[in-house]
Structure formats: structure tokens, C-alpha cells
Amino acid sequence: MEYESNIQKLDFAVLVPQAQRGDSRAVNSLLLGFTPMVRAFKYNSYYVHYLEQDDTEILALMAVNDAIKSFKQHNFRFFATHVKYTIRRQLNIQVQKNCLLYTSDAADDLIGV
């Protein structure tokens, strides 16, 4: 996949600790490096069905930022996987919220609220 080649160019052992210390250049480098992965989620048919594409991209970028902050391991080989699962988890949570919202709206329509 295209995003894997972008990610392989990043030096996580350097960038992640810098980003966790607040270095905005390191955060930006990581966000840019993961942008192709984020866009892959944006066009995933499952998420397109429940979320707006722009919302999906924003939520996924926020999840990358959360993944940077929450990564605690010293083995940076797993960082890309950590990011991918953090994005997926955040998007799934948002889908569940939207499903509950749609379900309650549909129920309100049925009972005439």
C-alpha cells in the first residue's frame, strides 16, 4: 500500500519521543507521514456509510495525535500498528455514537416526538 512506503521513511525512535515532548515539527512530520493511511480510512466503505468523509479524516488525524501521546513502548516497530488500531478504535466509537443517534431519532419519529 502507498501509505506503508511513507511510514517506512519515518524514524519513529526519534520523532515519537520528540512529539511526546511537544515538538510541533515532529508532530507535523508524523501527521504528514500518516496522512495516506488516514485517507485510506476516509474512503473505507464501512466508515463512508456512517460518517462524512471530512469528519472521518479529521477524526482519524485526531486519533493519530492520540496515538502519539499514548504510545508507551520503547520498541518503535509497533508504532505504526498502534496508530492504525487507535484510528480504527476512534472511528468505531464515532460510528457507534452515530448509530445510537440515528436509532433514537428513528424511534422518536415512530412515536411522534
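Residues numbered from 1 in each chain as written. Predicted model: local features only at pLDDT ≥ 70, side-chain atom pairs only at ≥ 80, totals over all residues. Heavy atoms only, no water.

**Student:** I'm lost on the nonpolar core in this one. Help?
**Tutor:** For soluble globular proteins, nonpolar side chains are generally found buried alongside one another. By size, the foremost hydrophobic cluster in this structure holds 28 residues, and its most contacted members are Phe12, Leu30, Phe34, Phe79, Val83 and Ile87. Breaking this core down by element, the ones donating at least two residues are α2 (12–20), α3 (24–42), α5 (53–70) and α6 (79–111). No other element matches the 7 residues that α3 contributes to this core. (Core = buried A, V, L, I, M, F, W, Y, C linked by side-chain atoms within 4.5 Å. Buried < 20%, exposed > 50% of the residue type's maximum accessible area, 1.4 Å probe, protein only. Helix = DSSP H or I, 4+ residues; strand = E, 2+ residues; numbered from the N terminus.)

**Student:** Looking at this structure, how should I read the environment of Thr35?
**Tutor:** Summarising the element assignment, Thr35 is placed in helix α3. In this structure, the C-alpha to C-alpha distance between Thr35 and Val64, residues 29 residues apart in sequence, is 9.2 Å.

**Student:** Just checking my understanding: could you explain the packing of aromatic side chains for this structure?
**Tutor:** Any two aromatic rings considered together are summarised by their centre-to-centre distance and by the angle between their planes. In this structure the tally under the stated criterion is 5 aromatic pairs. Among the aromatic side chains, those forming a connected cluster through ring pairs are Phe12, Phe34, Phe71, Phe76 and Phe79. (Phe/Tyr/Trp six-rings, centres within 6.5 Å; stacked < 30°, edge-to-face > 60°.)

**Student:** Even after reading the chapter, I still don't get the pattern of salt bridges, so can you show me in this structure?
**Tutor:** Two side chains bearing opposite charge may form a pair once their charged atoms approach each other closely. Applying the stated criterion to the full structure yields 2 salt bridges. A salt bridge links Glu57 to Arg39, with the shortest nitrogen-to-oxygen separation between them at 3.6 Å. Of this pair, Glu57 sits in helix α5 while Arg39 sits in helix α3, and the two are 18 residues apart along the sequence. Since its relative accessible area comes to 42%, Arg39 is described here as partly exposed. Measuring nitrogen to oxygen at the nearest pair gives 2.8 Å for the salt bridge that ties Glu57 to Lys42. Placement of the pair is Glu57 in helix α5 and Lys42 in helix α3, with a sequence separation of 15 residues. Classification of Glu57 by relative accessible area gives buried; the value is 14%. (Salt bridge = Lys/Arg side-chain N within 4 Å of Asp/Glu carboxyl O.)

**Student:** Even after reading the chapter, I still don't get α3, so can you show me in this structure?
**Tutor:** Thr35 marks where α3 bends most, by close to 45 degrees; the proline Pro36 follows one to four residues later. Those residues of α3 that sit buried are Ala26, Val27, Leu30, Gly33, Phe34, Thr35, Pro36, Met37, Val38, Phe41 and Lys42. (Bend = angle between axes of the 7 residues up to and from the residue.)

**Student:** Could you clarify how one ought to interpret the side chain of Thr86 in this entry?
**Tutor:** Relative to the helices and strands, Thr86 resides in helix α6. If we skip the residues at most four places from it in the chain, Thr86 touches Ala63, Asp66 and Ala67. (Contact = heavy atoms within 4.5 Å.)

**Student:** Can you help me understand the confidence of the model for the protein chain in this one?
**Tutor:** When pLDDT is low, close inspection of the predicted coordinates is not appropriate. Averaged over all residues, the pLDDT of the protein chain is 85; the fraction at 70 or higher stands at 85%. Helix α1 (residues 2–8) is the least confidently modelled element of the protein chain, averaging 68 in pLDDT, while α2 averages 97, the highest of any element. (pLDDT = per-residue confidence, 0-100.)

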